[in-house]
There are 2 protein chains.
Amino acid sequence: MEKIRIGIAGYGNLGKGVEMAIRQNEDMELVGVFTRRDPASVTLATKGVPVYKLEDAKEYKNQIDVMILCGGSATDLPQQTPELAQYFNVIDSFDTHANIPAHFAAVDAACKANGTLGIISVGWDPGLFSLNRIYAESILPNGKTYTFWGKGVSQGHSDAIRRVAGVKRGIQYTVPVDEAMDQVRSGKQPELTTRQKHTRECFVVAEEGADLAQIEESIKTMKNYFDEYNTTVHFISEEEFDAVHNKMPHGGFVMRSGMTGEGEQTHQMIEYSLKLESNPEFTSSVLIAYARAAMKMKKEGCVGCKTVFDVAPSYLSPLSGEELRAHLL
Amino acid sequence: MEKIRIGIAGYGNLGKGVEMAIRQNEDMELVGVFTRRDPASVTLATKGVPVYKLEDAKEYKNQIDVMILCGGSATDLPQQTPELAQYFNVIDSFDTHANIPAHFAAVDAACKANGTLGIISVGWDPGLFSLNRIYAESILPNGKTYTFWGKGVSQGHSDAIRRVAGVKRGIQYTVPVDEAMDQVRSGKQPELTTRQKHTRECFVVAEEGADLAQIEESIKTMKNYFDEYNTTVHFISEEEFDAVHNKMPHGGFVMRSGMTGEGEQTHQMIEYSLKLESNPEFTSSVLIAYARAAMKMKKEGCVGCKTVFDVAPSYLSPLSGEELRAHLL
């Protein structure tokens, strides 16, 4: 079997996750990691795989089938994905929802000009949650969709806590409110405010001598991050922080409550949920499945920018159509 | 907007459900119902829509974009879907898992010989549950998938009860075992026997003077239907039967428990569930969404037999690619 040759651009948590996910897929091989750091300073978990300078990536154009971009959505991907799409089929996990149309246009232009294929915004939200929204809304047009996130670590909110004066270490968990989810499950189609859907739980290690009441107040009243939520702040020791809060769990729920039948009186409920011990490792696993899809679609002549909405599920699987129909349908 | 012209072949619970689902989708219209009964004896809920003899269907070849087959999988669909695929793009809900490959081949041959498109085995299992199996297994290759059904009415098991001597009315609910589901959710990847996964709950109205102990024994020991399950039999009055057991609820769960990361030690859990007050109405709603997809794919030149695995999610939605990316991604 000829393996799908994968390149990784960016070797943080996500890049390492992709490296691990490749090991779980026999039809793939990692051929190189590209970094903005000094390649000599980067040690991979996989022996024998070279590390290159990101700026030299184009020289490896013919050795890589799909380049998986593992940078951040704020500044890395808007620049890197269109740039690398000139030379490679690309996959990214761009997750700034509001900027997806612009990012799509930039990647689409680069792909079409160079005969490559890109699949953007791959992961779980955007990604698997988006898929569940489109399936559920297409099937139950009369209904209401709810997305709940958590329990999980929000990187953005954790960063915000750490900017508060007197905070040495900090982490924030987004927690979906059980009562709100139960209301949705009951078929009531409630209108839920931001405060009713999620709470925010913060764990903080304070600097010695810091004013704890002031820290708590600064966090709870922070605009755009915490002021619209019921927030709790726990002060803990650095030992406890390191022992308990060293993982990146996440997850969430997509629910659609719909009505069908004569007079639209019949309740129908669709629910999808993820419970992830590691957010970056799971996102990496999704990226890898879509890398396989990109390879298959490209072979059929597909070019331009795509999203998870445009990819038929069969492309994600290493199994043949016959095998899928016999065993998974 | 030019509407998608739908025909319905077979007007039982599923056919009526499709009729209702069409009303919820502005881009569709019902142009005719085809029946093996005397058309004059069939009264539709929708005024002004004609009822035709099924055998005359081919005369309406140019008036219908997609024919939705609403017959049973045992004898109707294996004959009707390939037959009607000679003249129409077709959608069916063929659900005899073991016979899907043969059915696929028959429909594929008819479609390819006549330049039509067919999508078979559309519904929730096979259908949405199959989609969740393929997505989850493609993303988490190291893991185990579990499907639980219920709580819901099994038509086959209800029929089996009604064949027992002394049974006047009977209905059977398949019930997933909470403890088994919780074990799966815990990430343990248990091996579960048939008995551990589901129980069967029967409600029976006995004939006057019937031997209740004998009925209960006959049901509980019935081979292939009940002998491998923990089964309970409740004898109730006909009044209670009519008042309480007059619906066709169903649903179920698809779960995948997988491991990722270095050493494959990280638990990742994907869960999908349906809670349906009406099984036929929900299945109808899925059929309608795939009728839209069939129409779009056919316009792009696609012919032959397909399954839900081959259909990109965007085809199911009435929204444009731009709208989907802006609002659902």
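Residues numbered from 1 in each chain as written. Chains lettered and ligands numbered in written order. Predicted model: local features only at pLDDT ≥ 70, side-chain atom pairs only at ≥ 80, totals over all residues. Heavy atoms only, no water.

What follows deals with the side chain of A:Arg256. Residue and element names in this part refer to chain A. With respect to the element layout, Arg 256 can be found in strand β12 (residues 250-260). You can call Arg 256 buried: its relative accessible area is 5%. Among the polar contacts listed, one links the side chain of Arg 256 to the backbone oxygen of Gly 143, at a separation of 3.3 Å. Engagement of the side chain of Arg 256 in a polar contact is seen with the side chain of Thr 145, the distance being 2.7 Å. (Helix = DSSP H or I, 4+ residues; strand = E, 2+ residues; numbered from the N terminus. Buried < 20%, exposed > 50% of the residue type's maximum accessible area, 1.4 Å probe, protein only. Polar contact = N/O pair within 3.5 Å; in protein donor to acceptor, adjacent residues only side chain to side chain.)

Turning our attention to the environment of A:Phe282. Tracing the backbone shows A:Phe282 in helix α10 (residues 279-299). Beyond its immediate chain neighbours, meaning those up to four positions away, A:Phe282 contacts A:Trp124, A:Leu128, A:Leu274, A:Leu276, B:Ile139, B:Leu140, B:Gln268 and B:Ile270. (Contact = heavy atoms within 4.5 Å.)

Listed as interface residues are 67 residues of chain A and, on the opposing side, 67 residues of chain B. Between chain A and chain B, the buried area comes to about 5600 Å², and carbon and sulfur atoms account for 61% of it. Put simply, chain A and chain B have zero salt bridges between them. Run the count over chain A and chain B and you get 29 residue pairs in polar contact (both at pLDDT 80 or more). Elements supplying a minimum of two residues to the side of chain A that touches chain B: α1 (13-23), α3 (100-114), α4 (128-139), β12, β13 (266-276), α10 and α11 (321-327) of chain A. Ranked by the residues each element gives to the side of chain A that touches chain B, the list is headed by β13(A), at eleven residues. Of the residues in the side of chain A that touches chain B, the class split is 33 nonpolar, 20 polar and 14 charged. Looking at chain direction, β13(A) and strand β13 (residues 266-276) of chain B are connected through nine bridges and run antiparallel. (Buried area = accessible area lost by both parts, 1.4 Å probe. Salt bridge = Lys/Arg side-chain N within 4 Å of Asp/Glu carboxyl O. Nonpolar A, V, L, I, M, F, W, Y, C, P; charged D, E, K, R; others polar. Pairing = 2+ DSSP bridges.)

Okay, the relation of the copies chain A and chain B next. Expressed as a screw operation, the relation of chain A to chain B combines 0.0 Å of axial shift with a rotation of 180 degrees, fitting to an RMSD of 0.0 Å. Expressed as an axis order, the relation between the two copies is that of a two-fold axis. Residue A:Ala312, judged by its C-alpha, is the member of chain A lying nearest the rotation axis, at 1.9 Å. (Least-squares fit on C-alpha atoms with pLDDT ≥ 70 in both.)

For B:Ser218, the location among the structural elements is in helix α8 (residues 212-220). When the C-alpha positions of B:Ser218 and B:Ala165 are compared, they lie 8.8 Å apart, and in sequence the two are 53 residues distant.

None of the figures reported here should be taken as evidence of function without further support.
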